[in-house]
Amino acid sequence: MIINVTCRSPITGQVKPLASCNCSAMAHDLAGHIPTANRADIQKRRAEEYKKHQARTGSILNTLLLAASNSPLQYPIQGFIVRPLVPTLIPGTIYCSLVNLLILEKLNLEELNKLLANVTYTSTVYHIHTGDLVHFSFEHHEAVFPIVIRRPTVPVLFDMGTNIRDQVTVTTKTFLRYKELKVLIRSLRQFYKDVVLIVADDSFTPEKITEENVLQYIMPGGQGWFAGRTLAVSQVTTKYFLWVDDDFLFTDKTKIEDLVEVMEATPELDVVGASVNGSEFYFSIDYEEGDGVYGGCLQRKSKVKIRSLPNYPQCSIVDGVVNFFLARTDAVNRVRFDPKLKRVAHSEFFMDGLGQLMVASCGHVSIGHQSKMAIAEYQRFRHPGNAEVQYKLQLHYYKNHLKCIHYG
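I will try to describe carefully the structure that is included in this document. Computed from a predicted structure; not experimentally measured.

Conventions and cut-offs
- Residues numbered from 1 in each chain as written.
- Predicted model: local features only at pLDDT ≥ 70, side-chain atom pairs only at ≥ 80, totals over all residues.
- Heavy atoms only, no water.
- Core = buried A, V, L, I, M, F, W, Y, C linked by side-chain atoms within 4.5 Å.
- Buried < 20%, exposed > 50% of the residue type's maximum accessible area, 1.4 Å probe, protein only.
- Helix = DSSP H or I, 4+ residues; strand = E, 2+ residues; numbered from the N terminus.
- Pairing = 2+ DSSP bridges.
- Disulfide = S-S within 2.5 Å.
- Phe/Tyr/Trp six-rings, centres within 6.5 Å; stacked < 30°, edge-to-face > 60°.

1. Observations concerning the nonpolar core
And step 1. Formed by 41 residues in total, the largest nonpolar core has its most connected members in Phe 241, Val 321, Phe 325 and Phe 349.
And step 2. With five residues, helix α4 (residues 225–234) is the single largest residue contributor to this core.
And step 3. By size, the runner-up hydrophobic cluster in this structure holds 40 residues, among which are Ile 164, Ile 185, Tyr 240 and Cys 362.

2. A word on the pairing of strand β14 (residues 282–291)
And step 1. Note that β14 and strand β18 (residues 320–321) share two bridges and pair antiparallel. Residue Phe 283 lies in a different strand from β18, and its bridge partner there is Gly 320.
And step 2. Bridge count for β14 against strand β15 (residues 295–302) is seven bridges, and the pairing is antiparallel. Bridging from a neighbouring strand, Asp 291 pairs with Gly 295 of β15.
And step 3. Counting the residues in the hairpin turn of β14 and β15 gives three residues.

3. Details of the state of the cysteines
And step 1. The full count for this structure, using the stated rule, is three disulfides.
And step 2. One disulfide in the model links Cys 21 with Cys 297; its S-S distance is 2.1 Å. In this structure, the disulfide formed by Cys 21 and Cys 297 twists by about 85° around the S-S bond and is classed as right-handed. Here the residue Cys 21 occupies a position in the loop between β1 (3–7) and β2 (28–29), and Cys 297 occupies one in strand β15, the gap between them amounting to 276 residues.

4. Description of the packing of aromatic side chains
And step 1. With the rule as written, the count across this model stands at ten aromatic pairs.
And step 2. Ring plane angle 70° and centroid distance 6.4 Å describe the contact between Tyr 192 and Phe 250, whose orientation is recorded as edge-to-face. One end of the pair, Tyr 192, is in the loop between α3 (178–191) and β9 (197–201); the other, Phe 250, is in the loop between β12 (248–249) and α5 (256–265), and 58 residues separate them in sequence. The same class applies to Tyr 192 and to Phe 250, which are both buried.
And step 3. Taking the centre distance of 5.3 Å and the plane angle of 65° together, the rings of Phe 226 and Phe 337 count as edge-to-face. Of the two residues, Phe 226 is situated in helix α4 and Phe 337 in the loop between α6 (329–335) and α7 (347–352); the sequence distance between them amounts to 111 residues.

Take it as geometry only, folks, not as evidence of what the structure does.
If you want it as structure tokens, here you go:
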């Protein structure tokens, strides 16, 4: 009887070659937004950085493995996890760190199974999250199965307490609109008297807010929307935060508890958006990775749902929502709002979070919107010029490794 065993050292970054993706005629060709004089150098740096990204995030465990339907061998297909450098019993395999070929003679299947039930696997390279593939054959049968090598993580839990104050913090970013901010605070207090409101303020001449349970964080002037969001969320101590714009208006339809109920009933969810003035705004994202040279193709599709949310017919799974949403604090902090984006930003956060954040939109909770105020200085900063649009497209080209992007 001969058993052939081969084992690989833990490897990251082994990914299959990717094919180029196709851009629609309406998509932005992002390479065209890179200055010609710098394009070759930027493309080279981007390619090198992308390879490092693949090495960090790719895994040999991405390989598709199919167990033979008539194999007499019993072995794990998925879900076997070991700690780095710690010997661990594995059902039906060999001590991989010690042998590459093992020959056993005059053993029947029962004896073989007894032997294999007592062997272990030990990783030989220290890595906190990687994998290995184990290969072995018995007579004319061959088995290949993955092993996940991972250090266990310490859970970070939030005490939900007994009231909404212990569960949710309201967050907002303000810039020059103190009149609207004060209206927002009054409307919040009408329905939630002691919920904490965190305000990130990048006004050039800040006005101090002295309201109870309002935490105002003063930033350098004009730092932008995403820098403010990142600051505000970084100070949240509750399990959830509710993002609102500074000119929103709480009404009797702004039921934070209803959004918390959806999130608690669906632990996989990270973000739940709701409606503004009774209208839902949401979108889906189509993304193809493309190849390693030209990059991927991304298309945002407005008003496209993925599927309904089980047990909540008024909610649907989507990829992104509008500026009124409840989110898990720890999940959003892992993705974060990129401070490089100042005024041309919102769906970009959900692009960065694609594949990391599960998002839903619910129409049964709504917030109001104040009448638009004409503040000349605010409007001058609110609407970006062409230079900022160009910068955003250049950022997508390099940071997101995109060939093209289409906003639909």
